[in-house]
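Okay, here's what each chain looks like letter by letter:
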Amino acid sequence: MLEIDHFSHGWLTPAVAYVMSFTGSLLGLRCMARARSGSARDGWLIAAAVAIGGTGIWVMHFIAMLGFAIEGASIRYDVPITLISALIAMAVVWVGLCIAQRRALGPPALFIGGAITGVGVGAMHYSGMYAMKSDAAIGYDFWIVALSIVIAVVAATAALWFTLHVRGTLATIGAALAMGLAVSGMHYTGMFAMHAREAQHLHPPTGAGAAQLLTPLIVSISLVTVMLLLHLGITDVNEEPAYTSRGSHSDTYWPTRD
């Protein structure tokens, strides 16, 4: 077996990855606060999915991957598959948010949305790992992979609950800290499922190096993050939810007053 190093740059990459996950989660929660206000709700749902799925999950994953190395092996990334994994992350978060708030589904909506989002996040993670090409033979421990999916489902369900119920600055920051920790935990659990061994007949991998992916990734996601931050800063939000009446025919769930 070849030695795998998840922290080849020390604690720098996991720390930066966690900060990005926290930032994306915080932005997503603030976007959902705008959605609860009832103004341009669908637009804010999309913005929340981009913030949580794009910055909070996908960017966290690939920044953490900068610290990943296999002794004696080279690593490259398939760019199209890497980009597809980003679309998966944002799409499953959007689907989860849409399902979780569906009034017609009742209380199970949260768990349905969490399950779909969690499995989708797992699909994003392992499609991102599939995009990683190496001249070493790579395999996975089934039970640790299964554990990482369970963590993803639990974390996604908790995150969706936060997006529907958390209000107030301190509570939002606390929820974002917890979400960032959960995303990072899922990522490193999935990474520890990997093992590598020497392969005699594999050709040197082709594709982009991690640094080649990181530069455009940081620039593009940073621009989106800055635009969201600016928009959040210049728009007002009513922290109280847009309550629906008992007799309303709306199928969107926001908590109602008793």
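All values reported here derive from a predicted model rather than from experimental measurement.

Undergrad: What exactly am I supposed to notice about the overall build of the protein chain here?
TA: Within the protein chain, the regular secondary structure consists of 7 helices and 6 strands. Taken from the N to the C terminus, the helices and strands of the protein chain come in the order β-α-α-β-β-α-α-β-β-α-α-β-α. Buried residues in the protein chain amount to 47% of all 258 residues. Sequence-distant contacts in the protein chain: of pairs separated by 6 or more residues, those separated by 24 or more amount to 86%. With the model as given, the accessible surface of the protein chain reaches about 12300 Å², and the carbon-plus-sulfur share is 69%.

Undergrad: What exactly am I supposed to notice about the packing of helix α5 (residues 142–165) against helix α6 (residues 169–192) here?
TA: Two measures define how a pair of helices packs: the angle their axes make with one another and the distance between the axes. Where α5 meets α6, the closest approach of the two axes is 8 Å, and the angle between their N-to-C directions is 165 degrees. One element, α5, and the other, α6, form an angle in the roughly antiparallel class. Regarding α5 and α6, the two cross each other, and that crossing is left-handed. Judged by residue contacts, I144, L147, S148, I151, A152, A155, A159 and F162 of α5 engage A175, A178, M179, A182, M186, T189, G190 and F192 from α6. Tallied by class, the residues present in the contact of α5 with α6 amount to 13 nonpolar, 3 polar and no charged.

Undergrad: What's the story with helix α3 (residues 79–100) in this structure? I'm lost.
TA: Two residues of an α-helix separated by three or four positions point the same way, owing to the 3.6 residues in each turn. For α3, spanning 22 residues, the distance from its first C-alpha to its last is 32 Å, which sits close to the expected 32 Å at 1.5 Å a residue. Every buried residue belonging to α3 is among I81, T82, S85, A86, A89, V92, V93, G96, L97, C98, I99 and A100, and all of these are buried. Backbone nitrogen of I81 and a side-chain oxygen of the N-cap are separated by 3.1 Å at the start of α3; the cap is D78.

Undergrad: Whenever I open this one, the packing of helix α4 (residues 108–130) against α6 confuses me. Can you help?
TA: The interhelical angle for the contact between α4 and α6, taken along N-to-C directions, is 45 degrees, at an axis separation of 11 Å. As judged from the angle between their axes, α4 and α6 are oblique. Classified by chirality, the crossing of α6 by α4 is right-handed. Across the interface between the two elements, V121, G122, H125, Y126 and M129 from α4 touch M186, H187, G190 and M191 from α6.

Undergrad: Even after reading the chapter, I still don't get the nonpolar core, so can you show me in this structure?
TA: A general feature of soluble globular proteins is that nonpolar side chains tend to end up buried together. Among the nonpolar cores identified, the biggest contains 66 residues, and W58, M65, F68, I70 and M132 are the most heavily contacted of them. When residues of this core are assigned to their parent elements, the largest contribution, 15 residues, is made by helix α2 (residues 41–65). Setting aside its immediate chain neighbours within four residues, I70 contacts L2, E3, I4, I75, S134, A136, I138 and A196.

Undergrad: In this structure, what is going on with the packing of aromatic side chains? I would like to understand it.
TA: The geometry of two aromatic rings is summed up by the distance between their centres and the angle between their planes. Within the structure shown, the criterion is met by 7 aromatic pairs. Centre to centre, the rings of F7 and Y188 are 5.5 Å apart; their planes meet at 25 degrees, and the pair counts as stacked. Linking F7 in the loop between β1 (4–5) and α1 (12–36) with Y188 in helix α6, this pair joins segments that are 181 residues apart in sequence. Taking relative accessible area as the criterion, F7 reaches 30% and is therefore assigned partly exposed. You can call Y188 buried: its relative accessible area is 12%. Between W58 and F62, the aromatic rings sit 5.5 Å apart at their centres with planes inclined by 65 degrees, giving edge-to-face as the arrangement. One end of the pair is W58 and the other is F62, both in helix α2 and 4 residues apart, which spans about a single turn. The class of F62 is buried, set by a relative accessible area of 6%. Through successive ring pairs, a cluster of aromatic residues spans F7, W11 and Y188. Sitting above the plane of the W44 ring, R34 keeps its charged end 6.0 Å from the centroid. If you follow K133 out to its NZ or CZ, it ends over the ring of Y130, 4.0 Å from the centre.

Undergrad: Honestly, the confidence of the model for the protein chain in this entry has me stumped. Any pointers?
TA: Note that predicted coordinates carrying low pLDDT should not be read in detail. This prediction gives the protein chain a mean pLDDT of 83; 86% of its residues lie at or above 70. Segment residues 240–250: pLDDT under 50, and 21 contacts once partners within four positions in sequence are set aside and those in other chains are kept.

Undergrad: Is there a simple way to think about the side chain of S85 in this case?
TA: By the secondary structure assignment, S85 is in helix α3. Among the polar contacts listed, one links the side chain of S85 to the backbone oxygen of T82, at a separation of 2.4 Å. With sequence-adjacent residues up to four places away left out, S85 is seen in contact with W58, F62, M124, S127 and G128.

Thresholds applied
- Residues numbered from 1 in each chain as written.
- Predicted model: local features only at pLDDT ≥ 70, side-chain atom pairs only at ≥ 80, totals over all residues.
- Heavy atoms only, no water.
- Helix = DSSP H or I, 4+ residues; strand = E, 2+ residues; numbered from the N terminus.
- Buried < 20%, exposed > 50% of the residue type's maximum accessible area, 1.4 Å probe, protein only.
- Contact = heavy atoms within 4.5 Å.
- Areas by Shrake-Rupley, 256 points an atom, 1.4 Å probe, with all protein chains shown as cover.
- Axes fitted to C-alpha atoms, helices over the stretch in contact; angles between N-to-C directions.
- Parallel < 35°, antiparallel > 145°, perpendicular 65-115°, else oblique.
- Left-handed = near helix turned anticlockwise from the far one by under 90°.
- Nonpolar A, V, L, I, M, F, W, Y, C, P; charged D, E, K, R; others polar.
- Expected span 1.5 Å × (residues − 1).
- Polar contact = N/O pair within 3.5 Å; in protein donor to acceptor, adjacent residues only side chain to side chain.
- Core = buried A, V, L, I, M, F, W, Y, C linked by side-chain atoms within 4.5 Å.
- Phe/Tyr/Trp six-rings, centres within 6.5 Å; stacked < 30°, edge-to-face > 60°.
- Lys NZ or Arg CZ within 6 Å of the ring centre and 35° of its normal.
- pLDDT = per-residue confidence, 0-100.

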